[in-house]
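Next come the chains, spelled out residue by residue.
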Amino acid sequence: MSLVEKRSVTIRGHRTSYSLEKPFYDELAAIAESRGLTLASLVAEIDEQRSREANLSSALRLYVLNWVKQSPSKIAL
């Protein structure tokens, strides 16, 4: 079994895919829920803000990392 799972999403009417490890995907889904967004909406937001030199999967991981770093109470010890 692969540690990375490929997922598909429609962004602005175009299908695309990204690959994330399950912990990143789970945290991304939790962030979307906490912000009152669908997962697809959050992915579209991140996609729109990312540098065109960065791929979508990397941008999603960096978003999750930054979110967790700014939320110290979420870090499990």
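About the cut-offs
Residues numbered from 1 in each chain as written. Predicted model: local features only at pLDDT ≥ 70, side-chain atom pairs only at ≥ 80, totals over all residues. Heavy atoms only, no water. Helix = DSSP H or I, 4+ residues; strand = E, 2+ residues; numbered from the N terminus. Buried < 20%, exposed > 50% of the residue type's maximum accessible area, 1.4 Å probe, protein only. Contact = heavy atoms within 4.5 Å. Areas by Shrake-Rupley, 256 points an atom, 1.4 Å probe, with all protein chains shown as cover.

All right, on to the overall build of the protein then. When its secondary structure is counted, the protein shows three helices and two strands. Ordering the α and β elements of the protein from the N terminus gives β-β-α-α-α. The buried share among the 77 residues of the protein stands at 29%. A separation of at least 24 residues holds for 42% of the contacts in the protein among residues at least 6 apart in sequence. Summed over its atoms, the accessible surface of the protein is roughly 5300 Å², and 54% of this surface lies on carbon and sulfur atoms.

Before going further, it helps to examine the environment of Val-68. Tracing the backbone through its elements, the reader meets Val-68 in helix H3 (residues 56-69). Residue Val-68 is classed as partly exposed on the basis of its relative accessible area, which comes to 23%. Through-space distance from the C-alpha of Val-68 to that of Glu-27 is 8.9 Å; in sequence the pair is 41 residues apart.

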